[in-house]
Structures are given as C-alpha cells and as structure tokens.
Amino acid sequence: MLPHKGWIWVAVRWPIEEVKLFALRLFFLATAALALSSAIALMRPLQWGAAQAQQYVPLQQRPVVHVRRKPAKKAAQPKETKPQSQQRAAFSAQDEEIAAVPGIPDARAWGDSEAAFARLLPKASGPWLAISGGGSDGAYGGGVLAGWTQSGTRPEFAVVTGSSIGALIAPFAFLGPRYDEEIRKNFTTISAADIFEDRATPDSLFDHWPLRRQVEQRITPALLAEIAAEHARGRRLLVATTNLDAGRRVIWNMGAIAARADESSLKLFREVLLASSSIPGFFSPVSVEVEANGKHFQEMHSDGTLTAPFFVVPESMLSANAATRPPVSELYVIVNSKLGPEFKMPDRDVPGVLGRSIAVALTAALQAQIALTNVGALRHGIALRIAQVNPEFNHPSRGPFDGEYMQALYAFGVDAGKSGTAFKDTLRDAALRGPNAQ
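Residues numbered from 1 in each chain as written. Predicted model: local features only at pLDDT ≥ 70, side-chain atom pairs only at ≥ 80, totals over all residues. Heavy atoms only, no water.

A.B. asks: Can you help me understand the overall build of the chain in this one?
C.D. replies: Per the secondary structure count, the chain includes 14 helices and 10 strands. Classification of the 438 residues of the chain by burial places 58% in the buried group. Long-range pairs, those at least 24 residues apart, make up 80% of the contacts in the chain with a sequence separation of at least 6. (Helix = DSSP H or I, 4+ residues; strand = E, 2+ residues; numbered from the N terminus. Buried < 20%, exposed > 50% of the residue type's maximum accessible area, 1.4 Å probe, protein only. Contact = heavy atoms within 4.5 Å.)

See below:
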C-alpha cells in the first residue's frame, strides 16, 4: 500500500521503452490471470466467484456477500442447458481500424495512437485530472474531490479522464464542486445489491443490471447538456474502455457524444460508462454499434483498466521524440488504491492463491503506469501530483461494495483533500514501497 515517503528509482532511470515494455508485460500477466480465474470460476460455485470479484476490486477480505437476487419462479424448472452466446455480424481487422460511431465521427480515438488522440486534445488550457480504477475504493477519490472543494483550492480542469470506477466519477468531477454531493451519494448510499446480482449470464459470472440501472438514473439528458456546454468551451471529458475485438484501448470523447443531444447519444454515453466499469469475466462486456466500409456491426467493450489503469495520453506522446507534446503543464492523478506491497497470508488453495496473484499483478501494473507517467512528466516539464490511499487506512471490509467501508474511506479522502495532504508533488513523497519503508 502507499507509504508516505521513499521513491521508485526506476521511474527516473529506465529508458521509456523499457518502462513501457515492463508495463505491457504486467498487463499481459494480469489479463492472463483474469482469464484463468474466470475459467476456473465457471467450474466452481458462484459464492467462490463472488470472492474472486472481491479480490479484483480489491478490498481486504473474502466475504459472505449478500447481493440482489430476482425472485425464483415456482414453476418447474426446465432441464439445464448450456447458455448460447450471442451471434455477431462478422467484421475484419481492416473494418475495425476505421470503424466509427454513426453520426458522431469525433466520438472516440484509439488510445495508443498519438495521431488519432491528437484530434481529442482540448482547446482550453489548465490542469488535467486523471482518475484511476479501483472498484469500491473509488470512494477515496470522491472524498478527495469533496475535501479539495472545502479547502478552497480545487481548480477547474481543462481535461478530466476516467477509467473503470474513475469513469463513473469523471462526469461529476468534470462539472465541478456543485456535483460533490452526487458523488458522495454514489459511494455512501449504495451496497453490492445496487451493483450486481449473484446470477450468471452467458458471458459473465454475475449480472450487473443493477449497475446499469444506477447509470441510467444518474446520467440524465440535463447532465449531458451541461457536459456539452463545457465541451463547447474547449474542455474535454475522456473515458477509457478496452476494445476486446481489437485488443486495444479506446478513448471516448464524452463531450462530443453529449453535444449530439439525442436519445442515441444518451444511450451511447451510458454504455461507455458501463463498459469502462465492466470487470471482465465477472460483468458482461458492452456492445457498441459502429459502422465501417458500408457495414454495421457490434464491438465488445470492457473494463478500461485492462489497458489503462488510468489515462493521460498515449505512451508515445510521453517519449522524447513525440510528434505532439502533451499540452499540459500541471497533472493531477487520483489513484483509488493502495499501491505498495501489503502483507497477507492467502489460503493455500486455488481460490486463495489465484486471487492473491491477481491482486498483486494488477497492483504492479498500476505501479508501472505511474512510473511511466512520471518519466514523461520529468521529460516534458509537467508538474505531476499523485493522490493515493494512505496505508494507514485499515477499516475492515465485509465484502464488495460494503457500505460502511465506503463511507469510512470517503470520509478519509475528505480529510486528506481538505487538509491538503492528499497529493504528493513527486514520487519521492508518493512512494510505491511498503508501509514500513523509511
């Protein structure tokens, strides 16, 4: 978990190509572990699946989870059959490369392409904010924003980006302090039953229809109109998803989508947020309608953290010979997680060992992304400030999206934001070593 002091020397000594390779290897490890855990989970009871979802989030304990279930029918159940996967129209890699959302040509760009991403750059100047994934630990980021407002020093951001739970926070953070209360309610008045149902679907261990309903209730036409107005001022709201067909990161230009101002754009806006927070294997990927070469087809999009634990710019834009310099001088990153090594004795069984391994792999990937961002920030003279969950926070969790845990973490974040201690100016202060590092 994140200590107060110390420093990761690799961030300033490794060439960017080596750091990038290191990050890619870690992502491969995390993705392979997730695939393996999903395959094994399909052969185990769903109670075990819930425990693995908890490891992915991650929180502190493998719980007994009480989640929403639809009432069972009294009629005799038919003989169980293997679920049939949905059939999609075939398309090629060439189609995928140029695919676009009908009617919104600037709705998105490849998040690993410097040239493509350049189209999404803001016209407004000012600091940028990137919000990471982290499941229910997103309560920390919500608290930091509220405390920052209370301190009177919170700036207006030219760009706000979000991945996974960060994507669900990002629209409200983008619109500023008047939406702090909405963020607070999102983390202090919900439970696991408001996120998923303990019921398998053909492509996931759990049904996240409750989360879909939450998104539909909170993302309204009025909210989109406000986002569109800020987009017109030159500010940008960006959300990361992972295109499972292409195996690539996609960055969605949410203000451009909001500016379309019709039912189809409202639907797409909600789908992007849901896709970015759809834990692979545990929640279903989201289908997005696109067109290319005269054909219409559906892409599958999933959790943004698979390819972007948090997102600032494509990695190539942070290199010394980038064609486009990142147009940012001040960058804030909210990491909704503890990052240093945390002692924990897993059970010596498949669920215990595999779950612990996944958690370690994902933490390492986030560490690598921070190191890579720090290299680019040093090279381009960007003031980088990082906030992450202090290792001193040790409130127990009874399960995924435990209400008491999220309330305590939110309050912890508020205190950090209000006191001005949330953000560290350099990696010397925001270290990646363990809580006992000196």
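More follows now that the structure is in view.
A.B. asks: Would you take a moment to explain the nonpolar core for this structure?
C.D. replies: Nonpolar side chains in soluble globular proteins generally cluster together in the buried interior. In terms of nonpolar packing, the biggest core is built from 76 residues, with Leu129, Val160, Ile219, Trp252, Met254 and Phe269 touching the most fellow members. Broken down by element, this core gets its largest block of residues, 9 residues, from helix H7 (residues 165-175). Residues Leu120, Leu121, Phe311 and Ile386 belong to the second largest nonpolar core, which totals 30 residues. (Core = buried A, V, L, I, M, F, W, Y, C linked by side-chain atoms within 4.5 Å.)

A.B. asks: Any chance you could explain the packing of helix H6 (residues 138-151) against H7 here in plain terms?
C.D. replies: When two helices pack together, their arrangement is given by the angle between the helix axes and the distance between those axes. For the pair H6 and H7, the least separation of the axes is 10 Å and the interaxial angle reads 20°. Classified by the interaxial angle, the pair formed by H6 and H7 is roughly parallel. For the pair H6 and H7, the sense of crossing is right-handed. Residues Gly138, Gly142 and Leu145 of H6 lie in contact with H7, whose contacting residues are Ile165, Ile169 and Ala173. Partitioned by chemical class, the residues of the contact of H6 with H7 number 4 nonpolar, 2 polar and no charged. (Axes fitted to C-alpha atoms, helices over the stretch in contact; angles between N-to-C directions. Parallel < 35°, antiparallel > 145°, perpendicular 65-115°, else oblique. Left-handed = near helix turned anticlockwise from the far one by under 90°. Nonpolar A, V, L, I, M, F, W, Y, C, P; charged D, E, K, R; others polar.)

A.B. asks: Help me out: how do you make sense of the pattern of salt bridges in this one?
C.D. replies: Proximity of charged atoms lets side chains of opposite charge pair with each other. Enumeration over the complete set of coordinates arrives at 19 salt bridges. Glutamate 230 is the salt-bridge partner of arginine 235, the closest N and O atoms lying 2.9 Å from each other. For the pair formed by arginine 235 and glutamate 230, the shared burial category is buried. Linking aspartate 262 and arginine 260 is a salt bridge whose minimum nitrogen-to-oxygen distance equals 3.1 Å. (Salt bridge = Lys/Arg side-chain N within 4 Å of Asp/Glu carboxyl O.)

A.B. asks: What is the right way to read the environment of alanine 323 from this model?
C.D. replies: For alanine 323, the position within the fold is in the loop between strand S7 (295-302) and strand S8 (330-335). As for alanine 323 and alanine 118, which are separated by 205 residues in sequence, their C-alpha atoms are 9.9 Å apart.

A.B. asks: So what exactly am I meant to see when it comes to the packing of aromatic side chains here?
C.D. replies: Describing an aromatic ring pair means giving the distance of the ring centres and the angle of the ring planes. Per the stated rule, a full pass over the model turns up 10 aromatic pairs. Relative to tyrosine 332, the ring of phenylalanine 157 has its centre 6.1 Å away and its plane inclined at 75°; by these criteria the two rings are edge-to-face. With a gap of 175 residues between them, phenylalanine 157 in the loop between H6 and strand S3 (159-163) and tyrosine 332 in strand S8 connect regions that are remote in the sequence. Taking the relative accessible area as the measure of exposure, phenylalanine 157 reaches 2% and is therefore buried. Look at tyrosine 332 and you get buried, because its relative accessible area is 10%. Ring geometry for tyrosine 332 against phenylalanine 423: centres 5.1 Å apart, planes inclined by 80°, an arrangement best described as edge-to-face. Within this pair, whereas tyrosine 332 is found in strand S8, its partner phenylalanine 423 is found in strand S10 (residues 423-424), the two being separated by 91 residues in sequence. The pair formed by tyrosine 332 and phenylalanine 423 is uniform in burial state, with each residue classed as buried. Put simply, the rings of Trp148, Phe157, Tyr332 and Phe423 pair up and form one aromatic cluster. Lying over the aromatic face of phenylalanine 174, arginine 235 brings its terminal NZ or CZ to 4.2 Å of the ring centre. When the ring centre of tryptophan 110 is taken as reference, the NZ or CZ atom of arginine 248 above it lies at 3.9 Å. (Phe/Tyr/Trp six-rings, centres within 6.5 Å; stacked < 30°, edge-to-face > 60°. Lys NZ or Arg CZ within 6 Å of the ring centre and 35° of its normal.)

A.B. asks: What exactly am I supposed to notice about the packing of H7 against helix H10 (residues 221-232) here?
C.D. replies: Direction vectors running N to C along H7 and H10 enclose 60°, while the axes themselves pass 10 Å from each other. As judged from the angle between their axes, H7 and H10 are oblique. Between H7 and H10 lies a crossing whose hand is left-handed. Contacts between H7 and H10 pair Pro171, Phe172, Phe174 and Leu175 from the former with Leu223, Glu226, Ile227 and Glu230 from the latter. For the contact of H7 with H10, the class distribution of residues is 6 nonpolar, no polar and 2 charged.

Distances and angles like these do not, on their own, reveal function.
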